[in-house]
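Report on the structure
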Amino acid sequence: MSGTCFHASSPTWKLKYLAKKMKIGLFVPCYVDALYPEVGVATYKLLKHYGLEVEYPEKQTCCGQPMANAGFEEMTLPLAEKFETLFKDYDHIVAPSASCASYVKAYYPHLMHHECVSSGKITDLVEFLHDVLRVDHVPGKFPHVVSVHNSCHGVRELGLSSPSELRIPPFNKIVDLLSLVEGITVKEPERKDECCGFGGMFSVEEPNVSVRMGEDKIARHMATGAEYITGPDSSCLMHMQGIARREKTPVKFIHVAQILAAGL
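This structure is a prediction, so every number in the text was calculated from the model and none was measured. (Residues numbered from 1 in each chain as written. Predicted model: local features only at pLDDT ≥ 70, side-chain atom pairs only at ≥ 80, totals over all residues. Heavy atoms only, no water.)

**What to know about the sheet that holds strand β2 (residues 53-55)**
Taking strand neighbours across the sheet as the criterion, the 4 strands line up as β2-β1-β3-β4 in an open arrangement whose pairing is parallel. The open sheet has two edge strands, β2 and β4 (122-124), and neither has a second partner. Taking each pair of neighbouring strands and ignoring which way they run, the sheet shows an average axis angle of 35°. Two elements, strand β1 (residues 23-26) and β2, share 3 bridges in a ladder whose sense is parallel. Residue pairing in the sheet places Ile24 in a bridge with Val54 of β2. (Pairing = 2+ DSSP bridges. Helix = DSSP H or I, 4+ residues; strand = E, 2+ residues; numbered from the N terminus. Axes fitted to C-alpha atoms, helices over the stretch in contact; angles between N-to-C directions.)

Right, dumping it as structure tokens:
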């Protein structure tokens, strides 16, 4: 079913009928599970809204990205093998995290000494809704000004938006989906694909540089008049949220899944 396409012009009933033929494995990254469980819940509700059969394998663990970022990639192999065992039989694996989805997609095949099936099935939530389901409606109602944060993994490994260095026609799948939300005003900051400074271990090893990058990024988001900053990665939002709270910057942070599912 991974090659099935749904067109924006398809009637909603047809989309739901075809979607029911898909079996979805929901992967909720460890930091989302521990710190932002509402993002996982919103993702589940959103997928169910489109008539999908969704399962959450309870024995799932971290994908191993933090260890790999720290230089201990071989230690992630047992986690990768467990992930493969748990998720390989689903038609699609959906995760509310661009960075974790991109790690499984891009790096698992290099870790394993056999074919990795799960790497070819995993998608970020935005990627799944936009490219696979090609939804033409979302249940969300969000009458606020929102500035979109394009995380590095989403831009350069998953293709959720166009990287400026390639000088190709601009696109943004996050903006496309958010534009379907009733009442929303969607903005993008200047230098919209520049890193916020989180970078996983980078924020630990180079905290001063990381914070300064975060301050600059927040300032550009604020310049759009945003009430909220949103994106596909809770990790980037968490990094900026911590800086904003310390500096008492009057802006809120919300994962794109929560906006898209706001009407449920």
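From this point on, the discussion continues.
**Quick word on the layout of surface pockets**
Roughly 380 Å³ of volume is contained in the largest pocket. Forming the walls of the largest pocket are 26 residues, and the residues nearest its centre are Gln65, Ser99, Phe198, Gly200 and Ser235. Taken together, the residues that form the lining of the largest pocket break down as 15 nonpolar, 10 polar and 1 charged. (1 Å grid on protein atoms, 1.4 Å probe; cavity = no way out; pocket = protein on both sides within 12 Å on 5 of 7 lines; lining within 4 Å. Points joined across faces, edges and corners; volume = space filled by probe spheres on them. Nonpolar A, V, L, I, M, F, W, Y, C, P; charged D, E, K, R; others polar.)

**Describing helix α7 (residues 125-133)**
Buried residues dominate α7, accounting for 7 of its 9 residues. Here α7 has its buried residues at Leu125, Val126, Glu127, Phe128, Leu129, Val132 and Leu133. The backbone nitrogen of Val126 lies 2.8 Å from a side-chain oxygen of the residue at the head of α7, namely Asp124. Two residues or fewer past α7, Arg134 is found with a positive phi of approximately 50°. (Buried < 20%, exposed > 50% of the residue type's maximum accessible area, 1.4 Å probe, protein only. Polar contact = N/O pair within 3.5 Å; in protein donor to acceptor, adjacent residues only side chain to side chain.)

**Describing the confidence of the model for the protein**
Overall, the prediction assigns the protein a mean pLDDT of 90, with 92% of residues at 70 or greater. Here residues 1-11 scores under 50 on pLDDT; set against residues more than four positions off or in separate chains, the count is 21 contacts. (pLDDT = per-residue confidence, 0-100. Contact = heavy atoms within 4.5 Å.)

**Topic: the packing of aromatic side chains**
Applying the stated criterion across every chain yields a total of 8 aromatic pairs. A centroid spacing of 5.0 Å and a plane angle of 90° characterise the contact between Phe27 and Phe83, whose relative ring orientation is edge-to-face. Pair noted here: Phe27 is in the loop between β1 and α2 (30-35) and Phe83 is in helix α5 (residues 77-87), with a separation of 56 residues, a long-range link. Accessibility expressed as a relative area gives 4% for Phe83, which makes it buried. Ring geometry for Phe27 and Phe87: centres 6.0 Å apart, planes at 75°, overall edge-to-face. (Phe/Tyr/Trp six-rings, centres within 6.5 Å; stacked < 30°, edge-to-face > 60°.)

**A look at the packing of helix α11 (residues 207-222) against helix α12 (residues 234-246)**
At a minimum axis separation of 9 Å, α11 and α12 run at an interaxial angle of 85°. Classified by the interaxial angle, the pair formed by α11 and α12 is roughly perpendicular. Side by side, α11 and α12 meet where Ser210, Val211, Gly214, Glu215, Lys217, Ile218 and His221 of the first sit next to His239, Met240, Ile243, Ala244 and Arg246 of the second. Residue composition of the contact of α11 with α12, grouped by class: 5 nonpolar, 4 polar and 3 charged. (Parallel < 35°, antiparallel > 145°, perpendicular 65-115°, else oblique.)

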